[in-house]
Amino acid sequence: TTTTTTATEQLQRRDVKWIAHEGIREELGTLMCNKRQPFSETKSQFPLVDYTHLPQVEEDVLWNDHAIQTSDENGVPQRESMEDMSHRAYDFLTEFVYRRPEREIAVVGHSAWLLAMTGAVLDLEDGDDNGSLEVKSMFGQAELRSLELVFMER
């Protein structure tokens, strides 16, 4: 919700399609601020966003499932690992972005997820002239980075 709130001014533009996607969420686990608010509240607060790529249920299913699966004997869930976030980032890129007809897409997300995407999913070579070390570093608050993705079959 914080990321969506930050983009509120841009959300008013009718010429830009805004899509919420379950795969681009902040890490799951111990930080309750990362848990999604009830679905109806989000839809009411941001009516111009397309929510078809989120579970159409009131509760945050992904968060709840993670909490159940990783909680210790005191009921405290573990933070989602970088590996798990990178799996979500990979799925988002290969199952969603790759299939989009648009040539330019802005991906708006949180720093830990963006770090998982740039540091673990994208094939960037260290030390080359395109600034890959900067791309792989932690994102700052409201930081903008521009990348050109080329999908190659393996």
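In the block above lies the structure referred to throughout.
Residues numbered from 1 in each chain as written. Predicted model: local features only at pLDDT ≥ 70, side-chain atom pairs only at ≥ 80, totals over all residues. Heavy atoms only, no water.

Novice: Can you help me understand the nonpolar core in this one?
Specialist: Burial of nonpolar side chains together is a common tendency in soluble globular proteins. Core analysis: the largest hydrophobic core is formed by 11 residues, namely Ile-24, Ala-89, Phe-92, Leu-93, Phe-96, Val-97, Trp-113, Leu-114, Met-117, Leu-122 and Phe-139. At the level of secondary structure, the elements contributing two or more residues to this core comprise helix H5 (82-95) and helix H6 (111-121). Listed in part, the six residues of the second largest apolar core include Ala-20, Phe-39, Phe-46 and Val-49. (Core = buried A, V, L, I, M, F, W, Y, C linked by side-chain atoms within 4.5 Å. Buried < 20%, exposed > 50% of the residue type's maximum accessible area, 1.4 Å probe, protein only. Helix = DSSP H or I, 4+ residues; strand = E, 2+ residues; numbered from the N terminus.)

Novice: Can you help me understand the pairing of strand E2 (residues 50-53) in this one?
Specialist: Walk down a regular strand and you will see the side chains alternate between the two sheet faces. In this structure, strand E1 (residues 19-21) lies alongside E2, joined through two bridges in parallel fashion. Considered in E2, the bridge of His-21 is made with His-53. In this view, the connection linking E1 to its parallel neighbour E2 by way of helix H3 (residues 39-45) has right-handed handedness. (Pairing = 2+ DSSP bridges. Right-handed = clockwise from strand over helix to strand, strands pointing away.)

Novice: Explanation requested: the packing of H5 against H6 in the structure shown.
Specialist: For any two helices packed against each other, the geometry is given by the interaxial angle and the distance between the axes. Relative orientation of the contacting elements H5 and H6 amounts to 80°, with a least axis distance of 8 Å. Of the possible angle classes, the one that applies to H5 and H6 is roughly perpendicular. The segment H5 lies against H6, with Met-82, Met-85, Ser-86, Arg-88, Ala-89, Tyr-90, Phe-92 and Leu-93 engaging Ala-112, Trp-113, Leu-115, Ala-116, Met-117, Ala-120 and Val-121. (Axes fitted to C-alpha atoms, helices over the stretch in contact; angles between N-to-C directions. Parallel < 35°, antiparallel > 145°, perpendicular 65-115°, else oblique. Contact = heavy atoms within 4.5 Å.)

Novice: Quick question: what am I supposed to make of the side chain of Asp-50 here?
Specialist: Considering the arrangement of structural elements, one finds Asp-50 in strand E2. A polar contact of 2.8 Å, which involves the side chain of Asp-50, links it to the side chain of Thr-52. In contact with Asp-50, other than residues within four places in its own chain, are Lys-17, Trp-18, Ile-19 and Ala-20. (Polar contact = N/O pair within 3.5 Å; in protein donor to acceptor, adjacent residues only side chain to side chain.)

Novice: Please clarify how the pattern of salt bridges should be interpreted in this entry.
Specialist: Oppositely charged side chains can pair when the atoms bearing their charge come close. Counted according to the given criterion, the structure contains nine salt bridges. Here Asp-60 makes a salt bridge to Arg-36, at a shortest N to O gap of 3.5 Å. Of the two residues, Asp-60 is situated in the loop between E2 and helix H4 (61-70) and Arg-36 in the loop between E1 and H3; the sequence distance between them amounts to 24 residues. Put simply, Glu-22, Arg-25, Arg-36 and Asp-60 are held in one network by salt bridges that share partners. (Salt bridge = Lys/Arg side-chain N within 4 Å of Asp/Glu carboxyl O.)

Novice: Which parts of the structure should I look at to understand the environment of Ala-20?
Specialist: Its place among the elements puts Ala-20 in strand E1. Using a relative accessible area of 17% as the deciding quantity, one classes Ala-20 as buried. Distance in space between the C-alpha atoms of Ala-20 and Leu-54 is 6.9 Å, their sequence separation being 34 residues. Those residues in contact with Ala-20 that sit more than four places away from it in its chain are Val-49, Asp-50, Tyr-51, His-53 and Leu-54.

Novice: Would you mind going over H4 with me for this structure?
Specialist: Side chains three or four residues apart in an α-helix point the same way, a direct result of the helix having 3.6 residues per turn. Within the sequence span of H4, burial applies to Trp-63, His-66, Ala-67 and Thr-70. Down the axis of H4, the buried set is contained in an arc of 100°. They therefore lie on one face. Exposed positions of H4 whose direction lies more than 90 degrees from the buried face are Ile-68 and Gln-69. (Arc of directions from axis to C-beta.)

Novice: Quick question: what am I supposed to make of the packing of aromatic side chains here?
Specialist: The geometry of an aromatic ring pair is captured by the separation of the ring centres together with the interplanar angle, meaning the angle of the planes. Following the criterion strictly, the structure yields four aromatic pairs and no others. Seen from their ring centres, Phe-92 and Trp-113 are 5.7 Å apart, and the 75° between their planes marks the pair as edge-to-face. Of this pair, Phe-92 sits in helix H5 while Trp-113 sits in helix H6, and the two are 21 residues apart along the sequence. Exposure remark for Phe-92: the relative accessible area of 3% places this residue in the buried category. (Phe/Tyr/Trp six-rings, centres within 6.5 Å; stacked < 30°, edge-to-face > 60°.)

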